[in-house]
Amino acid sequence: MRWNRLILGVLVAVVLAAHTSAQEKPAAKVVKVVRFGKLWDAKGKLWTNATVVIDGNKILNVTSDSSAAPAGVEVIDLSKYTGLPGLIDAHTHMTFYTDETPGVPLLKQMINPVPAVEVFLARKGALRTLAAGVTTVRDLGADQYMDIAMRDLINRGEMIGPRMFVCGYGLYITATPFKKEGTPPAGGIADGVPEVLRAVRQQIAAGADVIKMYGSTGTDDDVTGFETYTFEEMKAAVDMAHQFGKKIAIHSYGPDGARDAVRAGADSVEHATDMDDATIHEMAKRGTYYVPTIDHNRYYIDNGDKIGYAPGYKERLQAFIPRNLETARRAFKAGVKFAMGSDAIYTMFGENTRELGWFVKAGMTPEQALQTATVNGAALLGKEKELGAVAPGYFADLVAVEGDPLSDINVALNNVKWVMKDGAVVVDRRQNAAAGH
Ligand SMILES: [Zn+2]
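Residues numbered from 1 in each chain as written. Predicted model: local features only at pLDDT ≥ 70, side-chain atom pairs only at ≥ 80, totals over all residues. Heavy atoms only, no water.

Peer 1: So what's going on with the overall build of the protein? Which residues, and what values?
Peer 2: Helix and strand counts for the protein come out as 14 helices and 16 strands. Counting over 437 residues, the protein shows a buried share of 51%. Contacts in the protein between residues far apart in sequence, at least 24 positions, make up 68% of those at least 6 positions apart. Accessible area of the protein: about 19200 Å², with a carbon and sulfur share of 55%. (Helix = DSSP H or I, 4+ residues; strand = E, 2+ residues; numbered from the N terminus. Buried < 20%, exposed > 50% of the residue type's maximum accessible area, 1.4 Å probe, protein only. Contact = heavy atoms within 4.5 Å. Areas by Shrake-Rupley, 256 points an atom, 1.4 Å probe, with all protein chains shown as cover.)

Peer 1: Can you explain empty space enclosed by the protein? Please cite residues and give values.
Peer 2: For the coordinates displayed, the defined rule picks out 1 cavity of 30 Å³ or more. What lines the largest cavity is Pro-85, Gly-86, Ile-88, Thr-135, Thr-136, Glu-386, Leu-387, Gly-388, Ala-389, Phe-395 and Asp-397. Residues belonging to the lining of the largest cavity are distributed by class as follows: 5 nonpolar, 4 polar and 2 charged. (1 Å grid on protein atoms, 1.4 Å probe; cavity = no way out; pocket = protein on both sides within 12 Å on 5 of 7 lines; lining within 4 Å. Points joined across faces, edges and corners; volume = space filled by probe spheres on them. Nonpolar A, V, L, I, M, F, W, Y, C, P; charged D, E, K, R; others polar.)

Peer 1: Please provide a residue-by-residue account of the coordination of the zinc ion, values included.
Peer 2: Looking at the metal site, the zinc ion is ligated by His-91 (NE2), His-93 (NE2) and Asp-343 (OD), spaced 2.0 to 2.3 Å from it. Each donor residue of the zinc ion lies on one chain, and together they are spaced H-x1-H-x249-D. The exposure class of His-93 is buried, given its relative accessible area of 7%. (Donors = N, O, S within 2.8 Å, 3.2 Å for Na, K, Ca; no water.)

Peer 1: An account of the pattern of salt bridges is needed here, citing residue identities and associated values.
Peer 2: When their charged atoms lie close together, side chains carrying opposite charge are able to pair. Counted under the stated rule, the structure contains 22 salt bridges. For the salt bridge of Arg-259 with Glu-227, the shortest nitrogen-to-oxygen distance reads 3.8 Å. Remark: Glu-227 occurs in the loop between β8 (210–214) and α6 (231–243) and Arg-259 occurs in helix α7 (residues 255–264); sequence separation between them is 32 residues. Residue classification places Arg-259 among the partly exposed residues on the basis of a relative accessible area of 26%. Via salt bridges that share partners, Glu-227, Asp-256, Arg-259 and Asp-260 belong to a single interconnected network. (Salt bridge = Lys/Arg side-chain N within 4 Å of Asp/Glu carboxyl O.)

Peer 1: An account of α6 is requested, with residue identities and associated values reported.
Peer 2: Over its 13 residues, α6 extends 18 Å from the first C-alpha to the last, a length consistent with the 18 Å expected when each residue adds 1.5 Å. Buried within α6 we find Glu-233, Met-234, Ala-236, Ala-237, Val-238, Met-240 and Ala-241. Packing partners of the buried residues in α6 comprise α5 (192–206), β8, β9 (247–252) and α7. Note on α6: the residue one or two positions beyond its end, Gly-245, has a positive phi of about 75 degrees. (Expected span 1.5 Å × (residues − 1).)

Peer 1: Mind laying out the pairing of strand β4 (residues 74–85), listing which residues take part and the relevant values?
Peer 2: By the bridge criterion, 7 bridges tie strand β1 (residues 31–40) to β4 in an arrangement that is parallel. Bridge pairing links Val-33 to Val-75 in β4. (Pairing = 2+ DSSP bridges.)

Okay, here's the thing in structure tokens:
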């Protein structure tokens, strides 16, 4: 009895000690300083010899007065590089990560994956995403709430990855043929207004940050864009999401779903090609974000055999890309706001920012393209006061690139040398980087 009590006492002491020391780490206010040769703050200023003072996971101050740095703190010297805010990818599928397992097509790897295994594997995609300079993602569709698990593991510091804003199941219509023996209802299937309302509420109850609705056909090597949901169903989803203070993204490969999504009040329209002028005009007027995801079809073309698409996919995808680009060009010209979304899935993680190259092709300057992945992405998340810029009070998410991304967007795509997320260095590929700085 006594022994038991003694052992229990010791255990409690050990657990308490462990608990205390574990808690001390994030609570400790560690001030550090990062110096950049140039810094694009996404707020309209290009700094020369910028000093960013970081307190814990937040930016305390940005200054060009190097003497303003507090004495005796860690200094990370990136004066050879250009600093950017941590980038935001507004469309990912982090938990549809696959590897290069020999002989197993990527599509096959996605059939009933064990959630715990899939979330564990997805850490690799998360690291590659960080290495591309992406420190925040809006993840638009997962199974079995793997996205919620992954988001929470990252927020708890148990997994290293970008900050995730997730949707749980995307909503989609019944698209499985009738079977006498019945088809088990999959999460996210919702037909008609009442079911749509239920499905939106379910995602929010499960912990979703944002709602995703599939308003048309089209995915993988299928580039059809037939509208699936009706305007009334979209309107119901939008209103219910907004009632809970959540934003909603509506997927549409074709123009009809996009037209109804915009008029229903969606916060963003994903993918859409061939949008008519009236819809584009309406998007500009309402401030609806366009996330064209042009580059993901390039990825599918490059990797379709590995993924396991049936022959003929290359031609279909090849024909879709110019329509997508042309729609982006027209929308940009009309003043529609863009957010960068890669639609990264399978092995695409790490290629998240290639979309910016297409945006420049669509008529943006490199700076305008970078805005889609910073201030615009943050506003689409409703986090414009804490993400997407380098300024006091913002999260200490920083990227160092070698070269001038404002004159050549490829610098942001290919020359990421160092990444900080939440005040911690998560990527360091500098040559001769001193071990402890
Ligand atoms: Zn997607």
